[in-house]
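# Inside the fold
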Amino acid sequence: VDECLNGIHGCIRDVATCVNVLGSYYCICNHGYTGDGKTSCIPEGELFFVTYEENMSKIIIGKKSQSEVNPGYSRHSIQKSICGNQFATNDYLECRRYTKLTDKTRKNTYVTKNKKCDNHLGPGWFRFQGDAGTKMPTVCQPMSRCETYGTGWLRGTHPSVAEGAVNKTVCFRYHSCCKHSVTIRVRNCGSYYVYHLINTPACTLGYCGTD
């Protein structure tokens, strides 16, 4: 059953896109929005501010010039002033809530001994860390690496912080460089990347990391 084609999905109308996969589907917010696509898609221009006064006795929270905050928003701008020092940060939900991929067998330099598959990995936000590397490779990878047969790599470049969360194609090397492919979402969180990964379309295919 194609839930997307038949309109029986739970994606938010007009601001999210339904993507069909084998036996299921997932939602992604359209460009310019952030969220999970099912419960929230928030315009990236809608910022919150939180101001802490110097003595920390008063906290003012608001949405731009308004005084009330919608708790459904996942991005906010924080401005903090203590003893004359000010700084500002932008915070995205997926930059704080993700699953870590840290196993050494997921790195593109690891020669495969067992052929594993990521067909039950997602959907969800993931970050490559530690022995798995820090990000996905952006060039075609040799087969039989990353503890899988069809190695997954990101086609194109990683997004900048200013681009927000963007749709990208992951190709899986299976004799040809892009025998299989899926659409994922990628965000630059400043010092690292997070990836909204879905189950691979076949076995044995897997997502690879690199430094």
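Quick note: structure is the one above.
This structure is a prediction, so every number in the text was calculated from the model and none was measured.

Procedures and definitions
Residues numbered from 1 in each chain as written. Predicted model: local features only at pLDDT ≥ 70, side-chain atom pairs only at ≥ 80, totals over all residues. Heavy atoms only, no water. Helix = DSSP H or I, 4+ residues; strand = E, 2+ residues; numbered from the N terminus. Buried < 20%, exposed > 50% of the residue type's maximum accessible area, 1.4 Å probe, protein only. Contact = heavy atoms within 4.5 Å. Areas by Shrake-Rupley, 256 points an atom, 1.4 Å probe, with all protein chains shown as cover. Salt bridge = Lys/Arg side-chain N within 4 Å of Asp/Glu carboxyl O.

## Looking at the overall build of the protein
- A count of helical and extended segments in the protein gives 1 helix and 15 strands.
- Relative to its 211 residues, the protein shows a buried fraction of 44%.
- The long-range share in the protein, meaning contacts at least 24 apart out of those at least 6 apart in sequence, stands at 54%.
- Counting only carbon and sulfur atoms, one obtains 48% of the accessible surface of the protein, whose full area is about 11300 Å².

## Notes on the pattern of salt bridges
- All chains considered together, the criterion is met by 3 salt bridges.
- Between Glu94 and Arg187 there is a salt bridge, with its nearest N and O atoms 2.7 Å apart. Taken together, the residues span a long stretch of sequence, with Glu94 in the loop between strand 8 (85-91) and strand 9 (99-101) and Arg187 in strand 13 (residues 176-188) at a distance of 93 residues. You'll find Glu94 and Arg187 in the same group, each marked buried.
- Measuring nitrogen to oxygen at the nearest pair gives 2.5 Å for the salt bridge that ties Lys107 to Asp211. Residue Lys107 is found in the loop between strand 9 and strand 10 (124-128), and its partner Asp211 is found in the segment after strand 15 (205-207); the two are separated by 104 residues along the sequence.
- Lys107 gets classed as buried once you look at its relative accessible area, which sits at 18%.
- With relative accessibility at 55%, the residue Asp211 sits in the exposed group.

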